[in-house]
Amino acid sequence: MSRNRDEYGAIWGRGPLPGAGEELDGLGLAPTDDLYSDVYDEDGDEVLCAICGSEVKWREEDGVYMCPNCGQVFTRTDFFNFIGAEPPGKECYTCDCLYPGCMTCPYGYGEL
């Protein structure tokens, strides 16, 4: 299940109802749901999976770039190569932050 799970939508007929015994948080997510963030290239364009054409996402739980539709997983280096990224420093290859779109940089590269 993804971030798109919506308790309000389920109640009003726009989404699946919670399963038996399933507890939802305030966002309508079960504790077992994966959270995904949108991914963009350095030009701000969405990144599409080369296998199935779906949007690539960043799984927040473990910082993996992947396609939730077909399951293709990218290493951080492979993802940078796939989008043609030029990270500002070598630390970006091992950082846990979403790139591009870093909200803060633990290595002091400033606003990205």
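Structure first, text after, so check above.
Residues numbered from 1 in each chain as written. Predicted model: local features only at pLDDT ≥ 70, side-chain atom pairs only at ≥ 80, totals over all residues. Heavy atoms only, no water.

Caption draft 1: Structural context of the environment of Tyr-93. Following the sequence through the fold, Tyr-93 ends up in the segment after α2 (76-83). What makes Tyr-93 partly exposed here is its relative accessible area of 35%. Residues contacting Tyr-93, with those up to four places away along its chain left out, are Arg-76, Thr-77, Phe-80 and Pro-87. (Helix = DSSP H or I, 4+ residues; strand = E, 2+ residues; numbered from the N terminus. Buried < 20%, exposed > 50% of the residue type's maximum accessible area, 1.4 Å probe, protein only. Contact = heavy atoms within 4.5 Å.)

Caption draft 2: Region of the structure containing the pattern of salt bridges. All told, the structure shown has three salt bridges when counted by the stated rule. Across the pair Lys-57 and Asp-38 runs a salt bridge, and its minimum N-O distance is 2.4 Å. Of the two residues, Lys-57 is situated in strand β2 (residues 57-59) and Asp-38 in strand β1 (residues 36-38); the sequence distance between them amounts to 19 residues. Using a relative accessible area of 38% as the deciding quantity, one classes Asp-38 as partly exposed. In this structure, Lys-57 and Glu-55 form a salt bridge, with 3.6 Å as the shortest nitrogen-oxygen distance. One salt-bridge network, held together by shared partners, links Asp-38, Glu-55 and Lys-57. (Salt bridge = Lys/Arg side-chain N within 4 Å of Asp/Glu carboxyl O.)

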